[in-house]
Amino acid sequence: MESRGVIGFLPRDLKDSDFGQIHSEVRPTDIRSNDRILARIRRRSSENLDYAQARVWRLSPLGIELLQPDGETRFSQGDPVDLEIVLAGQRATFQGLVVDLVENNQGQEIVGIRLSRRDPVDTSSSNRRKAVRWLCSDEFFPTCMAPTPGRFDDFIYFQIRDISPEGLQLVCSLRNKFLIPGMSLSLTAVFPFGSVVNIRIELTRVGITSVGGRDRLVVGSKYVELSDHAKQALGQYLIQFSNVDSLETLRVAGMAPKSVALGVDFYNLKKEEDYLEVLELRRLAHTLDGNLKREVTSLEMGDINDARARIVIGKYRGKVVATARIRYNELEQPMEHEAHVPWPRELPRRDQIIEISRVATHPDFRRNDLLAALIRHICDNVVQSDRPWLIFSCLDKMIPFYEKLGFRQTGLRHTEPIWKEDRVLNVMIVNILDMVVGRNVNPFYWNVVWRQVANLLVEQSVIRPTGMDKVRMLVYKAIAPIVDLLYYIKKPRRNVRSNRRSAS
């Protein structure tokens, strides 16, 4: 005997039961008596506010089919309805219209309803369009997975297509039938650089899109729970692989990455258009830092020394965001700094020195590791030269930062012609090899800036540490896990937010 009350035993051979207007290209799944899916429905215009229990017949992310409730509450095509669905213990509310009615060969009437999410939060299309949304790279999509609601040992696999400060847009196969707006999912997300994080989301909408010529479900979501570690992982992915325009944009969104430098490529200047960008970057950096005593053009930020030096640039998405000038002077050739201060005999000779000047970083990419990466890139490229010493000038407030990296003050100070009188520059010096092996370097900063450089140079036999150097580096490396943990919790000091160097 079949029972009308047990949906698992009802025949499934419906006439005209595809409900194409409801499910579109998605084939709905049959709902059986042992599935943990319940529904309640009421006519929205009715004075009776009570919901009627209804058996769920079939379900897709776009629509639902219900058995016509018994009793006086019956629904007709075109009726506006309120609907509650409980799936795996989670409740979601919808409103919509009865799109179609069909009967099977046992006289059972099926009510077809297109799902339309009812949300007390304002999610109008105009507000959604205003939200910042960053596209993920076509070559490096993050992936994630989540347990299927109401299913044992079954999982849904997603690609993350774009990211915003409020949520994620995901795509997955049409086979996933239990993705109902209003449901919560616990995602385990994996990013191309190896980071794995947990993100809890609520589904806000489900639709169909075409990916590579095949139909896929596109799922909009908002964050329910997002840890600081997850925010940092999202920010790291975005700065390296997405179309985000600056570090400051991510910082405002609360997604500052651990390293902005991983998204920056360093080169030696070769093109004229890059040189014009360098001049504009110098002008922008020093103007916003308040170093200049008058308005200047970008061309005024260049001089004859540019033609005598090697200019290093760091590019992000084709835009110059960091630059420095490097000079290798001969013994009889005056250094750039000697235009401002006489060079003492007790300091290294000119032909033993690599001279750095005109360092600038873009204001939107500061308070991270860009400046340290620029210095590391310079040192990595000059460490094999026969000149062990590096000098440059910096403002007073930057001295503590550079001393932690291993630099020391020479006692020489000077100003610049177009700088304000109170912007006094200090000439700093360091032995590059000493710095790489950790001599007079803060252990935290050595791990962050020099550890990988030192490992590579030792492995390639470019440097040969002494016994004491080896002991020091082993001790410093032993605290590396603590340093990495602290680096997640505490960003670089705020007074490192700008690089205010010599404009000579």
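Residues numbered from 1 in each chain as written. Predicted model: local features only at pLDDT ≥ 70, side-chain atom pairs only at ≥ 80, totals over all residues. Heavy atoms only, no water.

Topic: the environment of Q452
For step 1, the next point in the chain: Residue position: Q452 is located in helix 9 (residues 443-459).
For step 2, the next point in the chain: Judged by its relative accessible area of 61%, Q452 is exposed.
For step 3, the next point in the chain: With 16 residues separating them along the chain, Q452 and V436 place their C-alpha atoms 9.6 Å apart. (Helix = DSSP H or I, 4+ residues; strand = E, 2+ residues; numbered from the N terminus. Buried < 20%, exposed > 50% of the residue type's maximum accessible area, 1.4 Å probe, protein only.)

So, the nonpolar core
For step 1, the next point in the chain: Core analysis: the biggest nonpolar cluster contains 112 residues, and F158, I163, L168, I199, Y402, F407 and W450 have the highest contact counts within it.
For step 2, the next point in the chain: Per element, the largest residue contribution to this core is nine residues, and it comes from helix 6 (residues 370-382).
For step 3, the next point in the chain: When neighbours within four sequence positions are excluded, L168 is seen to be in contact with R133, I160, D162, I163, L187, I199, I201, V219, G220, S221, Y223 and L234.
For step 4, the next point in the chain: Counting nine residues, the second-largest nonpolar core is a separate cluster that includes V341, L347, I391 and I429. (Core = buried A, V, L, I, M, F, W, Y, C linked by side-chain atoms within 4.5 Å. Contact = heavy atoms within 4.5 Å.)

Thoughts on the confidence of the model for the protein chain
For step 1, the next point in the chain: Taken as a whole, the protein chain shows an average pLDDT of 85; of its residues, 88% reach a score of 70 or greater.
For step 2, the next point in the chain: Per-element confidence in the protein chain is highest for strand 12 (residues 168-172), whose mean pLDDT is 96, and lowest for helix 2 (residues 125-130), whose mean pLDDT is 48.
For step 3, the next point in the chain: When the criterion is pLDDT under 50, residues 1-12 qualifies, and its contacts beyond four places in sequence or with other chains add up to 31 contacts.
For step 4, the next point in the chain: Under a pLDDT of 50 for its full length, residues 491-504 has, in the predicted model, 62 contacts with residues more than four places off or in other chains. (pLDDT = per-residue confidence, 0-100.)

Considering the sheet that holds strand 20 (residues 389-395)
For step 1, the next point in the chain: Read across the open sheet, the seven strands follow the order 16-17-18-19-20-22-21; overall the sheet is mixed. Each end of this open sheet is capped by a strand with a single partner; those strands are strand 16 (265-268) and strand 21 (408-414). Each neighbouring strand pair of the sheet contributes to a mean axis angle of 25°, computed without reference to strand direction.
For step 2, the next point in the chain: Taken together, the four bridges between strand 16 and strand 17 (residues 310-316) define a ladder with antiparallel strand orientation. Across the sheet, D265 pairs through a bridge with K315, a residue of strand 17.
For step 3, the next point in the chain: Set on the sheet, helix 6 makes contact with strand 16, strand 17, strand 18 (319-328), strand 19 (353-361) and strand 20; between it and strand 18 the angle comes to about 40°. (Pairing = 2+ DSSP bridges. Axes fitted to C-alpha atoms, helices over the stretch in contact; angles between N-to-C directions.)

What about helix 6?
For step 1, the next point in the chain: Under the 1.5 Å per step criterion, the end-to-end length of helix 6 is 19 Å for 13 residues, consistent within 8% with the ideal 18 Å.
For step 2, the next point in the chain: Burial runs high along helix 6: ten of the 13 residues are buried.
For step 3, the next point in the chain: Turning to helix 6, its buried residues are L370, L371, A372, A373, L374, I375, H377, I378, C379 and V382. (Expected span 1.5 Å × (residues − 1).)

A few points about the pairing of strand 22 (residues 425-431)
For step 1, the next point in the chain: For strand 22, a buried count of seven out of seven residues is recorded, marking the element as mostly surrounded by other parts of the structure.
For step 2, the next point in the chain: Here strand 22 shows a buried face lined by L425, V427, I429 and N431 and a second buried face lined by N426, M428 and V430.
For step 3, the next point in the chain: Note: strand 21 against strand 22, four bridges, orientation antiparallel. Its bridge partner lying in strand 22, Q409 is registered against M428.

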